[in-house]
Amino acid sequence: MSYRDVEKPLAERGLDISYETVRRWVLKFGPAITRRLRQRRPRPSDRWHLDEMVVRIAGERMYLWRAVDDEGEVLDMLVQRRRDSRAALRLMRKLLKKQGFAPKLLVTDKLRSYACAFRDLQLTYRHEQGLRKNNRAENSHQAVRRRERKLQRFKSARSAQRFLSMHGAVHNTFNFQRHLISRSTLRILRAEATAEWRNAVAAA
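Here the structure is a predicted model, which is why all the values come from computation and not from measurement. (Residues numbered from 1 in each chain as written. Predicted model: local features only at pLDDT ≥ 70, side-chain atom pairs only at ≥ 80, totals over all residues. Heavy atoms only, no water.)

(A) Looking closely at the packing of aromatic side chains. Inspection of the entire model under this criterion finds three aromatic pairs. Pairing Trp-65 with Tyr-114 gives two aromatic rings, centres 5.6 Å apart and planes at 70°, and the pair type is edge-to-face. Pair noted here: Trp-65 is in strand S2 (residues 60-69) and Tyr-114 is in helix H4 (residues 112-121), with a separation of 49 residues, a long-range link. Pair check on accessibility: Trp-65 and Tyr-114 agree, each one buried. Members of the aromatic cluster, each reached through a chain of ring pairs, are Trp-65, Tyr-114 and Phe-118. Arg-43 extends its terminal NZ or CZ atom over the ring of Phe-101, reaching a point 3.7 Å from the ring centre. (Phe/Tyr/Trp six-rings, centres within 6.5 Å; stacked < 30°, edge-to-face > 60°. Helix = DSSP H or I, 4+ residues; strand = E, 2+ residues; numbered from the N terminus. Buried < 20%, exposed > 50% of the residue type's maximum accessible area, 1.4 Å probe, protein only. Lys NZ or Arg CZ within 6 Å of the ring centre and 35° of its normal.)

(B) Layout of helix H3 (residues 85-99). Along its 15 residues, H3 runs 21 Å from first to last C-alpha, staying within 8% of the 21 Å computed at 1.5 Å per residue. Listed as buried for H3 are Ala-87, Ala-88, Leu-89, Leu-91, Met-92, Leu-95, Leu-96 and Gln-99. For H3, the secondary structure elements touched by its buried residues are strand S1 (47-57), S2, strand S3 (74-80), strand S4 (105-108) and H4. Positive phi appears at Gly-100, one or two residues downstream of H3, with a value of about 80°. (Expected span 1.5 Å × (residues − 1). Contact = heavy atoms within 4.5 Å.)

(C) Quick peek at the pattern of salt bridges. Applying the stated criterion to the full structure yields nine salt bridges. Residue Arg-24 is joined to Glu-20 by a salt bridge in which the shortest nitrogen-to-oxygen separation is 3.5 Å. Taken together, the positions of Arg-24 and Glu-20, both in helix H2 (residues 19-40) and four residues apart, correspond to about one turn of that helix. Overall, Glu-20 belongs to the partly exposed group, its relative accessible area being 28%. (Salt bridge = Lys/Arg side-chain N within 4 Å of Asp/Glu carboxyl O.)

(D) View of the sheet that holds S3. Spatially, five strands are ordered S3-S2-S1-S4-S5 in an open sheet, and the strand pairing comes out mixed. Looking at the sheet topology across the chains shown, the edges are occupied by S3 and strand S5 (126-129). Going from strand to strand, the sheet's axes swing by 20° on average, the running direction of each strand aside. Where S2 meets S3, six bridges bridge the pair, whose relative direction is antiparallel. (Pairing = 2+ DSSP bridges. Axes fitted to C-alpha atoms, helices over the stretch in contact; angles between N-to-C directions.)

See the structure below:
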């Protein structure tokens, strides 16, 4: 939902609040909620998928670098101006620092910048390349594209980075592999995710 879309359900509940107020709520409480959601998440798997996509920010061509694990858990996102080995190295350093461990398998497309960055870090891992092998990361971009259209494109690299970092944590909380679980299990997982979200909001 866009900030304007939030106005209607709030109005139905008797709250006359503008989208600008909603935006300010997100800026003020979003980072704290995101931090608590991440603290409650289990450790991701040691098989990571890395990919990058083009985004238009204020009319400028930029790249959104993304890392997910093999279960679709969003590990991190980084908005950068370039698509080279330095940008790939910056993403990997941020990932290793944030996750606290090195992966056993890295899956990427055939961009050579990844291999250069991995050599600089001297990681012991298995590196697989190929467009179809990296479908997990490719599919993970779809949610960002939908949010990008809802928000009528991002206005700056800073705001895009801030929003996508928060969006990733919320997406992890409510993203279920629906085709792999039964309806009864889905209900339980949804109830747990909602409780986790409410606790994070209350703590913020």
